[in-house]
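Structural overview for review
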Amino acid sequence: METGRAIPRLARYDVPAIDRYVFFNPASAACLVTDSRGRAILDRYLDELEEGAGSPEGRSEGLPEAGSGACSADAFIERAQKVGIFRAVEREPAYGQVPHRLIVELTAACNLRCKTCYMSASRPEPNEMTTEEVLALLGHAAESGTETVALIGGEPMLRRDLAALTDFALGAFSDVMISTNGTLLDDAFLARFDGRPNLTIQISVDGPDAVSHDAIRGAGAFGKASAAFDLARAHGIRTAVSSVVNRHNYNLVGLTCDFASGKSAIMAIFHRVHMFGRAQDFPEIAPAREQMMHGMGVLFEKYDQYEGAGRMIVDFPPNRCFRGDTLLDSAYLGCHFGRASAYVTSTGNLACCSHLRDGEYSCGNVREQPLLEIWRDSPVLERMRQMTVDDLPSCKACAVRYMCRGSCRADALGHAGSIDGDTYDCEALKAYYTYVLDYYARNLAPVLPGSIR
């Protein structure tokens, strides 16, 4: 299969009323604002690249020239190269060969009953993997070339063998993350891993205070989660914040970033609420279009404030195109599951993702077949890997498809009944990306063919 494109896909936004055209490359987060003459030059040049007649390093013949005293088309293309508009993905992952990241759901048990939980975590499944089976899975993945692992739940602290599993993982992978709600994290557990440089404790935080957080996770949860950050820092262990954007906290995401920074977290990652599991019992938590747009906009600003200054990673999937994505071609779906990340449930099923996990989306069981064999041979995963936004009926005519990259296909299944359909946040994403591109067109000084010397 084709695993990447030598030519990046560019999003183009037109504002002909003011003779402005924005070219945006989601793979490099490069943006170029030009006029109709520059648009014609770039469009022709991109056509030649598609036909194999040119390259970002080569000269293109027959392009429109700028007016008297202005630069040539070649000089304009050279300027476009310098801003990174033609930059493709830096590497082409071997999709279907080895997952870069393994996510292991250790248990379905949880001590909380969070409203946003996509799996209704409460009690352990009756046939969850044993210690030996998890160790065998981790060992196989590490030997196969998987680089990082995440140990999640439910609540992984409810596994009595978590310390032993973590100890093994730290010796086998370059980076190990434990995802927890933080309420059960204790000194005895953390002391075992004092100062381990490749361990990160990711703690769920759904708001910057007890009012917002506990409304989702239950009374007293915020105080314990907050204390868990301090405890981990005292043991020299890195921390990260994981937050779910919903109707109750969309206007608090900026303050949540500030909270994460105040706790010396290395990353604040935000997820959209996915209406699966227990979340289906609380339909009112799904944010409206304007609320989603507000949250994305604030997180875009916080990315610039924190990550742009090298202080803390601020990640939100809809905004990844603005960060530059060196992992995936912008034509392919924006989700890494099934391409770069493998997800194994507590009973050993390799699933397409944490949400597409049952029925046809369960690809095989690692108790019966090695992880790598399932990963390479699953026709379900292969279909997911082949899908591009140009193939989706709901996306292929959309002007911002290479920025959105199809959003979440699990959400499409839940919202439209098909992984090829619209997602619940489709209109919000269209409006948001259009707003950002319009802002670029109207407020950035344009790069015009006649302005380059």
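Residues numbered from 1 in each chain as written. Predicted model: local features only at pLDDT ≥ 70, side-chain atom pairs only at ≥ 80, totals over all residues. Heavy atoms only, no water.

1. Some details on the nonpolar core
Within the largest apolar cluster, 96 residues are counted, with the highest numbers of intra-cluster contacts made by Leu102, Val104, Val149, Phe189 and Phe322. The greatest single-element share of this core, amounting to eight residues, is contributed by helix α15 (residues 426-443). Aside from chain neighbours lying at most four places away, what touches Phe189 is Met157, Leu162, Ala163, Thr166 and Ile178. Listed in part, the 17 residues of the second largest apolar core include Ala30, Leu42, Ala80 and Phe86. (Core = buried A, V, L, I, M, F, W, Y, C linked by side-chain atoms within 4.5 Å. Buried < 20%, exposed > 50% of the residue type's maximum accessible area, 1.4 Å probe, protein only. Helix = DSSP H or I, 4+ residues; strand = E, 2+ residues; numbered from the N terminus. Contact = heavy atoms within 4.5 Å.)

2. What about the sheet that holds strand β2 (residues 20-25)?
Through backbone hydrogen bonds, the strands of a sheet pair up, either in parallel or in antiparallel fashion. Strand order across the open sheet formed by three strands is β1-β2-β3, with antiparallel pairing between neighbours. A strand with exactly one partner marks an edge of an open sheet, and here the two such strands are β1 (11-15) and β3 (30-34). On average, each strand axis in the sheet is inclined to that of its neighbour by 15°, with strand direction left out of account. Looking at chain direction, β1 and β2 are connected through five bridges and run antiparallel. Looking at β2, one finds that Ala11 is bridged to Phe24. (Pairing = 2+ DSSP bridges. Axes fitted to C-alpha atoms, helices over the stretch in contact; angles between N-to-C directions.)

3. Considering the environment of His140
Here His140 lies in helix α3 (residues 131-144). Taking the C-alpha atoms as reference points, His140 and Leu371, separated by 231 residues in sequence, lie 7.6 Å from one another. Setting aside its immediate chain neighbours within four residues, His140 contacts Pro370, Leu371 and Leu372.

4. Re the sheet that holds strand β8 (residues 238-245)
One open sheet holds the 10 strands; their spatial order is β10-β9-β8-β7-β6-β5-β4-β11-β12-β13, and the pairing between them is mixed. What marks the edges here is a single partner per strand, and that holds for β10 (313-315) and β13 (362-365). Between one strand and the next, the sheet's axes are offset by a mean angle of 20°, whatever the strand orientation. As defined by bridge partners, strand β6 (residues 175-180) adjoins strand β7 (residues 199-204) across five bridges and the pair is classed as parallel.

5. Here's the deal with the confidence of the model for the protein chain
Interpretation of the predicted coordinates at a detailed level should be avoided for regions scoring low in pLDDT. Per-residue pLDDT for the protein chain averages 89, and the proportion of residues at 70 or more is 90%. Scored below 50 in pLDDT, residues 1-5 makes 14 contacts in the model with residues more than four places away or belonging to other chains. Within the model, the stretch residues 56-63 combines pLDDT values under 50 with 19 contacts to residues more than four positions away or in other chains. (pLDDT = per-residue confidence, 0-100.)

6. Considerations on helix α1 (residues 36-51)
The first and last C-alpha atoms of α1 sit 22 Å apart over 16 residues, in line with the 22 Å expected at 1.5 Å per residue. Here α1 has its buried residues at Gly38, Ile41, Leu42, Tyr45, Leu46, Glu48 and Leu49. Viewed along the axis of α1, the buried residues span an arc of 155°, placing them on a single side of the element. Those residues of α1 that are buried are in contact with β2, β3 and α2 (73-82). Its side-chain oxygen placed 3.2 Å from the backbone nitrogen of Arg37, Asp35 serves as the N-cap of α1. (Expected span 1.5 Å × (residues − 1). Arc of directions from axis to C-beta. Polar contact = N/O pair within 3.5 Å; in protein donor to acceptor, adjacent residues only side chain to side chain.)

7. Some thoughts on helix α14 (residues 409-416)
The set of residues buried in α14 consists of Arg409, Ala410, Asp411 and Ala412. Once α14 finishes, Gly417 follows within two positions and takes phi at roughly 85°, a positive value.

8. Some thoughts on the pairing of β3
In terms of burial, β3 is largely enclosed, as four of its five residues are buried. As defined by bridge partners, β2 adjoins β3 across five bridges and the pair is classed as antiparallel. By the bridge assignment, Phe23 is partnered in β3 with Leu32. Adjacent in sequence and paired antiparallel, β2 and β3 are bridged by four residues, among which Ala29 carries a positive phi angle near 60°.

9. Examining the pattern of salt bridges
Tallied over the full model, the rule gives 24 salt bridges. Where Lys82 meets Glu78, a salt bridge forms, and the shortest distance between an N and an O atom there is 4.0 Å. Linking Lys82 with Glu78, this pair stays in helix α2, spanning four residues, or about one helical turn. You can call Lys82 exposed: its relative accessible area is 60%. (Salt bridge = Lys/Arg side-chain N within 4 Å of Asp/Glu carboxyl O.)

10. Here's the deal with the packing of aromatic side chains
Evaluated as defined, the whole model comprises 11 aromatic pairs. For the ring pair Phe337 and Tyr343, a centre distance of 6.1 Å and an interplane angle of 75° mean the geometry is edge-to-face. Judged by its relative accessible area of 23%, Phe337 falls in the partly exposed class. Assessed through its relative accessible area of 1%, Tyr343 is described here as buried. Pairing Tyr432 with Tyr433 gives two aromatic rings, centres 5.6 Å apart and planes at 55°, and the pair type is tilted. (Phe/Tyr/Trp six-rings, centres within 6.5 Å; stacked < 30°, edge-to-face > 60°.)

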